[in-house]
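Descriptive structure summary
Now for the letters of each chain:
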Amino acid sequence: MSDLPIDALPATAPRPKRRGLGYFLRRHPTVAIGGGLLLIMVIVSVFAPLFTAYDPIRIDPGMRLKPPSAEHWFGTDQYGRDIFSRTLYGGRVSLLVGISVALVATLAGIVLGLLSGYVRMLDAVIMRTMDGLMAIPSILLAIAMMSIMRASITLIVIAIAITELPRVVRLVRSLVLGIREQTYVHAAIAIGNRTPRLLRRHILPNIIPPLIVQATFIFAVAVMIEATLSFLGVGTPPEIPSWGNIIAESRIFVMIAFWTILFPGLFLAIMVLAINILGDGLRDMLDPRLARRM
């Protein structure tokens, strides 16, 4: 016991120090770096008209294959179009496709994965279907779907989402198989929770962190597949500037005008790198086992 009088004792415990932005940057540098790079790519793509005055599809034969200059920062292509404006506008396509594919594949994968992991009679049907989709290489399946119908951004999203769906379903199923055997799930069943409420209130919240990391991976893969499809001529229509289209149209001029491919390819690499770095950082931040070690 302390000999100090009661009045001399502190009335309240000291307040914990507030953890601001600097603390977050030191503890999660990969999230900050990846998120920062991705944010810059989003800003320059979404607000492209604020950064360039050139129309990305305007043809100027008198300015064909001009090198980078003060007038055209990234030079011009074989039709005299400004590559800087085409590169910025092309980022819109990659962002739209990547985000849409990540959302569609994740939401559909959650539904199918929950049913497969919790409803035993549907498990075999769903998983054998997913195994069949995974037996076909993603790029070949996407090319086959794009070849059947007229190319459009909507069809690209659907084609890529179908190829990425099995990964989400398998992840959700494996998580559900482990969670459904937990004591709190059995307790929820014992007090009368029906299956829809059980899945929504007790199982779904516990699988969100791994799904966020998986969604970033799908985002990066979708950007790469969209660029590949456009490069092969089965992606976005030629009138829509995208990084794959720009690289495909300029590849025959690479020996005399390397800048026509350099800058779109560099932006593509930076975006995929930023998404992957962000995904790695989110994995470390959301994993409680790794968080305790930090």
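Since this is a predicted model, take the numbers as computed values, not measurements. (Residues numbered from 1 in each chain as written. Predicted model: local features only at pLDDT ≥ 70, side-chain atom pairs only at ≥ 80, totals over all residues. Heavy atoms only, no water.)

1. What about the overall build of the chain?
In terms of regular secondary structure, the chain is built from 13 helices and zero strands. When its helices and strands are written in sequence order, the chain yields α-α-α-α-α-α-α-α-α-α-α-α-α. Counting the 294 residues in the chain, one finds 41% classified as buried. Considering only residue pairs separated by 6 or more positions, the chain has 70% of its internal contacts joining residues 24 or more positions apart. As displayed, the chain offers around 16,500 Å² of accessible surface, 68% of which is attributable to carbon and sulfur atoms. (Helix = DSSP H or I, 4+ residues; strand = E, 2+ residues; numbered from the N terminus. Buried < 20%, exposed > 50% of the residue type's maximum accessible area, 1.4 Å probe, protein only. Contact = heavy atoms within 4.5 Å. Areas by Shrake-Rupley, 256 points an atom, 1.4 Å probe, with all protein chains shown as cover.)

2. Some points on the side chain of threonine 216
With respect to the helices and strands, the residue threonine 216 is situated in helix 10 (residues 208–232). Not counting the four nearest positions on each side in its chain, threonine 216 is found in contact with Ile275, Gly279 and Leu282.

3. Details of a nonpolar patch on the surface
The grouping of Leu39, Ile43, Val46, Phe47, Leu50 and Phe51 at the surface amounts to a nonpolar patch, some 580 Å² of accessible area in total. For the nonpolar patch, the elements supplying multiple residues, two or more each, are helix 2 (29–46) and helix 3 (48–51). Per element, the largest residue contribution to the nonpolar patch is three residues, and it comes from helix 2. Mapped onto the elements, leucine 50 comes out in helix 3. A residue is classified by how much of its surface remains accessible, and leucine 50, at 70% relative accessible area, is exposed. (Patch = residues over 30% accessible without salt bridge, like charges linked within 9 Å, V, L, I, M, F, W, Y side chains within 5 Å. Salt bridge = Lys/Arg side-chain N within 4 Å of Asp/Glu carboxyl O.)

4. Concerning the packing of aromatic side chains
On inspection of all chains with the given rule, the structure shows six aromatic pairs. With a centroid separation of 4.9 Å and 85 degrees between ring planes, the pair formed by phenylalanine 74 and phenylalanine 84 is classed as edge-to-face. Of this pair, phenylalanine 74 sits in the loop between helix 3 and helix 4 (83–118) while phenylalanine 84 sits in helix 4; the two residues are 10 residues apart in sequence, bridging distant segments of the chain. Both residues of the pair, phenylalanine 74 and phenylalanine 84, count as buried. (Phe/Tyr/Trp six-rings, centres within 6.5 Å; stacked < 30°, edge-to-face > 60°.)

5. Section: the confidence of the model for the chain
Scored by pLDDT, the chain comes out at a mean of 84, with 89% of its residues at no less than 70. Of all secondary-structure elements in the chain, the lowest mean pLDDT belongs to helix 13 (residues 288–293), at 54, while helix 4 reaches the highest, 92. (pLDDT = per-residue confidence, 0-100.)

6. Description of the nonpolar core
The biggest cluster of nonpolar side chains holds 63 residues, and the ones touching the most others in it are Val101, Leu114 and Ile160. The leading source of residues in this core is helix 4, at 13 residues. Among all residues touching isoleucine 160, those that are not within four sequence positions of it are Val97, Val101, Ala222, Ile225, Glu226 and Leu229. (Core = buried A, V, L, I, M, F, W, Y, C linked by side-chain atoms within 4.5 Å.)

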